[in-house]
Amino acid sequence: MLRGPCRLFRVSVAPVAALAVALVSSLSRCSLLEPEDRVVSPLSPYFGTKTRYEDANPGLLPDPEAPRRDPQLLEETCIPVQLVALIRHGTRYPTTKQIRKLRQLHGLLQARGPGDDRIRAAGGGDLGAVLANWPLWYADWMDGQLVEKGRQDMRQLALRLASLFPVLFSRENCGRLQLVTSSKHRCVDSGAAFLQGLWQHYHPGLPPPDVADMECGPPRINDKLMRFFDHCEKFLTQVERNATALYHVEAFKTGPEMQNILKKVAGILQVPVNNLNADLIQVAFFTCSFDLAIKGVKSPWCDVFDIDDAKVLEYLNDLKQYWKRGYGYTINSQSSCTLFQDIFQHLDKAVEQKQSSQPISSPVILQFGHAETLLPLLSLMGYFKDKEPLTAYNYKEQTHRKFRSGHIVPYASNLIFVLYHCKNAKTPKEEFQVQMLLNEKVLPLAHSQETVSLYEDLKNHYKDILQSCHTSEECELPKVNTSDEL
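Residues numbered from 1 in each chain as written. Predicted model: local features only at pLDDT ≥ 70, side-chain atom pairs only at ≥ 80, totals over all residues. Heavy atoms only, no water.

Enquirer: Any chance you could explain the side chain of Lys324 here in plain terms?
Expert: Tracing the backbone shows Lys324 in helix α13 (residues 307-324). Classification of Lys324 as buried rests on a relative accessible area of 8%. Leaving out residues up to four positions away in the same chain, Lys324 has contacts with Phe235, Val239, Glu240, Leu246 and Asn332. (Helix = DSSP H or I, 4+ residues; strand = E, 2+ residues; numbered from the N terminus. Buried < 20%, exposed > 50% of the residue type's maximum accessible area, 1.4 Å probe, protein only. Contact = heavy atoms within 4.5 Å.)

Enquirer: Help me out: how do you make sense of helix α6 (residues 148-164) in this one?
Expert: Note on helix geometry: an α-helix contains 3.6 residues per turn, so any two residues three or four positions apart are oriented the same way. With 17 residues, α6 ought to run about 24 Å at 1.5 Å a step, and its terminal C-alpha atoms sit 24 Å apart, in line with that. The element α6 is extensively covered by neighbouring structure, given that 15 of its 17 residues are classed as buried. (Expected span 1.5 Å × (residues − 1).)

Enquirer: I keep staring at the confidence of the model for the protein chain and nothing clicks. Help me out?
Expert: Detail in the predicted coordinates should be disregarded across regions flagged by low pLDDT. Scored by pLDDT, the protein chain has a mean of 88; 87% of the residues are at 70 or more. Low confidence marks residues 1-36, where pLDDT is under 50. Its contacts with residues over four positions away, or in another chain, come to 76 contacts. Low pLDDT (under 50) marks residues 116-124, which in the prediction has 6 contacts with non-local residues, meaning those over four places away or in another chain. (pLDDT = per-residue confidence, 0-100.)

Enquirer: I keep staring at the pairing of strand β2 (residues 178-181) and nothing clicks. Help me out?
Expert: As a general feature of sheets, a regular strand has side chains that alternate between the two faces. Burial along β2 is two-sided: the face carrying Gln178 and Val180 and the face carrying Leu179 and Thr181 are both buried. Here β2 pairs with strand β4 (residues 364-369) via 4 bridges, running parallel. Among the inter-strand pairings, Gln178 is bridged to a residue of β4, identified as Ile365. As defined by bridge partners, β2 adjoins strand β3 (residues 220-221) across 2 bridges and the pair is classed as parallel. Across the sheet, Thr181 pairs through a bridge with Ile221, a residue of β3. (Pairing = 2+ DSSP bridges.)

Enquirer: Honestly, α13 in this entry has me stumped. Any pointers?
Expert: Over its 18 residues, α13 runs 26 Å from end to end, which matches the ideal 26 Å to within 8%, given 1.5 Å per residue. Where burial is concerned, most of α13 is hidden: 14 out of the 18 residues are buried. The N-terminus of α13 is capped by Asp306, whose side-chain oxygen sits 3.1 Å from the backbone nitrogen of Asp308. (Polar contact = N/O pair within 3.5 Å; in protein donor to acceptor, adjacent residues only side chain to side chain.)

Enquirer: Help me out: how do you make sense of the environment of Leu280 in this one?
Expert: By secondary structure assignment, the location of Leu280 is in helix α12 (residues 278-295). Measuring from C-alpha to C-alpha, the distance between Leu280 and Arg103 comes to 9.8 Å, with 177 residues separating the pair along the chain. If we ignore the near neighbours within four places in the chain, the residues touching Leu280 are Lys101, Gln104, Leu105, Leu108 and Asn275.

Enquirer: Is there a simple way to explain the state of the cysteines in this structure?
Expert: By definition, a disulfide is the covalent link that joins the sulfur atoms of two cysteine residues. A full pass over the atoms with the stated rule returns 4 disulfides. Between Cys78 and Cys422 runs a disulfide, and the two sulfur atoms are separated by 2.1 Å. In this structure, the disulfide formed by Cys78 and Cys422 twists by about 110 degrees around the S-S bond and is classed as right-handed. A residue pair is termed long-range when its members are at least 10 positions apart, and Cys78 in strand β1 (residues 78-88) and Cys422 in strand β5 (residues 414-422) qualify at 344 residues. This pair shows no difference in class: Cys78 is buried, exactly as Cys422 is. (Disulfide = S-S within 2.5 Å.)

Enquirer: Got a minute to help me understand the packing of helix α15 (residues 337-355) against helix α16 (residues 371-380) in this structure?
Expert: Helices that pack against each other are described as a pair by the angle of their axes relative to one another and the distance between those axes. In the contact formed by α15 and α16, the axes pass within 9 Å of each other and the chain directions differ by 80 degrees. In terms of orientation, α15 lies roughly perpendicular with respect to α16. Where α15 approaches α16, its residues Cys337, Leu339, Phe340 and Ile343 are matched on the opposing element by Thr373, Leu377 and Leu380. For the contact of α15 with α16, the per-class residue count stands at 6 nonpolar, 1 polar and no charged. (Axes fitted to C-alpha atoms, helices over the stretch in contact; angles between N-to-C directions. Parallel < 35°, antiparallel > 145°, perpendicular 65-115°, else oblique. Nonpolar A, V, L, I, M, F, W, Y, C, P; charged D, E, K, R; others polar.)

Enquirer: Please clarify how the layout of surface pockets should be interpreted in this entry.
Expert: In this approach a probe as big as a water molecule rolls over the atoms, and the regions it shows empty are the leftover space. Of the volumes computed, that of the largest pocket is approximately 1200 Å³. Looking at the lining of the largest pocket, the elements that each hand over two or more residues are α3 (96-110), α7 (185-202), α9 (233-240), α10 (247-253), α12, α13 and α16. A class-by-class count of the residues in the lining of the largest pocket yields 11 nonpolar, 11 polar and 18 charged. Counting contributing residues per domain, the lining of the largest pocket is built from domain 1 (49-93 + 146-239 + 329-475) and domain 2 (96-143 + 246-319), each supplying no fewer than three. (1 Å grid on protein atoms, 1.4 Å probe; cavity = no way out; pocket = protein on both sides within 12 Å on 5 of 7 lines; lining within 4 Å. Points joined across faces, edges and corners; volume = space filled by probe spheres on them. Domains from an automatic or database assignment.)

Enquirer: How should I be thinking about the pairing of β1 in this particular structure?
Expert: The element β1 is extensively covered by neighbouring structure, given that 10 of its 11 residues are classed as buried. Bridge analysis of β1 against β5 gives 9 bridges, and the strand direction is antiparallel. Each bridged residue has a counterpart across the sheet, and for Gln82 the counterpart in β5 is Leu419.

Enquirer: Is there a simple way to explain the pattern of salt bridges in this structure?
Expert: Close approach of charged atoms allows side chains with opposite charge to pair. Tallied over the full model, the rule gives 24 salt bridges. As a salt-bridge pair, Lys324 and Glu240 come within 3.2 Å of each other at their nearest N and O atoms. A residue pair is termed long-range when its members are at least 10 positions apart, and Lys324 in helix α13 and Glu240 in helix α9 qualify at 84 residues. For Glu240, a relative accessible area of 38% corresponds to the partly exposed category. One salt bridge in this structure joins Glu314 and Arg404, with 2.8 Å as the shortest N-O distance. Taken together, the residues Glu314 in helix α13 and Arg404 in the loop between α16 and α17 (405-408) connect sequence positions 90 residues apart. It is possible to trace a salt-bridge network through shared partners that takes in Lys101, Glu250, Lys253 and Asp279. (Salt bridge = Lys/Arg side-chain N within 4 Å of Asp/Glu carboxyl O.)

Enquirer: Looking at this model, I keep getting lost on empty space enclosed by the protein. Mind explaining?
Expert: Applying the stated criterion across every chain yields a total of 2 cavities of 30 Å³ or more. For the largest cavity, the calculated volume is near 50 Å³. In terms of lining residues, the largest cavity is bounded by Pro94, Gln98, Ile99, Leu102, Tyr138, Val283, Phe286, Thr287 and Phe290. Of all the secondary structure elements, the ones that give two or more residues to the lining of the largest cavity are α3 and α12. Broken down by element, the lining of the largest cavity gets its largest block of residues, 4 residues, from α12. Class assignment of the residues belonging to the lining of the largest cavity gives a composition of 7 nonpolar, 2 polar and no charged. There is about 40 Å³ of room inside the second largest cavity. By residue class, the composition of the lining of the second largest cavity is 6 nonpolar, 2 polar and 1 charged.

Okay, here's the thing in structure tokens:
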């Protein structure tokens, strides 16, 4: 828990220049900055978990630092007394695994034979040659780290939330903020960038100091909470390390939709189709998304694909997320119940403190994790469930599916629980109410589609999950009986 006086960081009159130096030093470690003019691509709605936050939430584009108040948010006699937010990290670099696949594809392009002279004579372009000469600037050290655009995602989210809930994010409350994060550097850095956004809110015009100089200290790491999937042996054994668990993903890769794209891309790039596979095609598609998100550049990789291709590749990504993140195999959503319990424990404590006229010890709880933190929890809560499961064989039938990962968990996605105290409540039960927001928009209750719930009613709806959450038992592998039967 973050403690300290109401000043978020140590600051005095003199060191303004020193703070400026700290900011320049911080920015100098970031190799790439987002340009002023935002570049768009018709493929942007289909990048799945590699989607930019503003592409999933386009209302932010005119002014990304200004809050957009959902008209369904409670106001007037109901005052927010606690906010619990689960936040995915901001925009990141590709992982080393993705970079190495891209390097493999780039090598194929550079090793091509002479292009088709008839294409050139007819005025056709050789996109393969363009891509072979396109700078491959990704390096292994990047390995999923947060980029400057990701820090900007977090700073801007902090500014919007602080403006939307000024009572909770008041300077008086800053010493009582509670930050928890996954141990992954992109999550730790996201938490730090969020705090820098709060500094900007409290001290407009002053550059924020480095994390080491923050009065409140860095976020607290808790992987059992934010990376619960890494601590569930049943999930790791039966899904993560099981070669057959993602059957539908592998089957779709060899299915007609993906094979058509494979042949098409081989023709466009002028490489033998046997040298390509679905993984290389997907990494080429994601390279378009990374270049857009990180550098603000519409690279030639985007020209390889059209919207129909993008829809197929989005489905491939969604299949993987669906089966791994608690929708296909429920063990991952079941293992997220500890996180769900933790959220309600915070809310319970706030209710008890308010009822006894005590100050709420943690008005704001911020938890920084991953897409694989958010998706299982949303599945557990009953959201984005389609009537039929996503499979390798029903792509066309799933055109209008609810489960589209890029619309649910883009970079910087957030699930927020807001607890309200309503002064003019007619009964004690009506005194405390809850709203949920997904990506800053009010999320209707999965079971009723109402936009607000009495707190006790919400707890009652989820009581089976809250009362029967035994992660250690759920995640324990079944014991193998090795004794010989007589």
